[in-house]
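Okay, here's what each chain looks like letter by letter:
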Amino acid sequence: MSAHCQLTGRAPAFGKQVSHSHRRTSRRFDPNIQRKRYWLASEGRHVRLRLSAKGIRTVDTIGVEAAVARIRARGGKV
């Protein structure tokens, strides 16, 4: 499963690993993706979301109902 946040859209970034001798090799910076379960009162069920740490803080700020509405507006399945 890919490392994408359902809410913020954060995806892996790519860069270079630089050794002591300055040889450069490709590497990948993955976002901090967590699986969180929230109670969605309007539908009377729990939803499980794959969120980055920033996405979790966003849900705490705007609420789970607004977050699910944003995910659905982006075309995501909840």
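Please read all numbers here as calculations on a predicted model, not as lab measurements.

A word on helix H2 (residues 64-73)
Quick reminder: α-helices carry 3.6 residues per turn. Residues three or four places apart thus point the same way.
Alright, step 1. Turning to H2, its buried residues are Val64, Ala67, Val68 and Ile71. Projected onto a plane normal to the axis of H2, the buried residues spread over an arc of 95° and lie on a single side.
Alright, step 2. Considering only its buried residues, H2 is in contact with strand E3 (33-40), strand E4 (45-52) and helix H1 (53-62).
Alright, step 3. A positive backbone phi angle near 95° is found at Gly75, which sits one or two residues after H2.

Thoughts on the packing of aromatic side chains
Alright, step 1. If you walk through the whole model with that rule in mind, you get 0 aromatic pairs.
Alright, step 2. When the ring centre of Phe29 is taken as origin, the NZ or CZ atom of Arg27, which lies over that ring, is 3.8 Å away.

Description of the pairing of E4
Alright, step 1. In this sheet, E4 lies alongside E3 in antiparallel orientation, the contact comprising 8 bridges. The residue of E4 that forms the bridge with Lys36 is Leu49.
Alright, step 2. Taking the residues between adjacent antiparallel strands as the criterion, E3 and E4 are bridged by 4 residues, where Gly44 takes a positive phi near 65°.

Describing the pattern of salt bridges
Alright, step 1. A complete count under the given rule lists 3 salt bridges for this structure.
Alright, step 2. Between Arg45 and Glu43 there is a salt bridge; the shortest N-O distance is 2.7 Å.
Alright, step 3. Taking relative accessible area as the criterion, Arg45 reaches 31% and is therefore assigned partly exposed.
Alright, step 4. By relative accessible area, Glu43 is classed as partly exposed at 35%.
Alright, step 5. A network of salt bridges, in which partner residues are shared, links Glu43, Arg45 and Arg72.

What counts and what doesn't
Residues numbered from 1 in each chain as written. Predicted model: local features only at pLDDT ≥ 70, side-chain atom pairs only at ≥ 80, totals over all residues. Heavy atoms only, no water. Buried < 20%, exposed > 50% of the residue type's maximum accessible area, 1.4 Å probe, protein only. Helix = DSSP H or I, 4+ residues; strand = E, 2+ residues; numbered from the N terminus. Arc of directions from axis to C-beta. Contact = heavy atoms within 4.5 Å. Phe/Tyr/Trp six-rings, centres within 6.5 Å; stacked < 30°, edge-to-face > 60°. Lys NZ or Arg CZ within 6 Å of the ring centre and 35° of its normal. Pairing = 2+ DSSP bridges. Salt bridge = Lys/Arg side-chain N within 4 Å of Asp/Glu carboxyl O.

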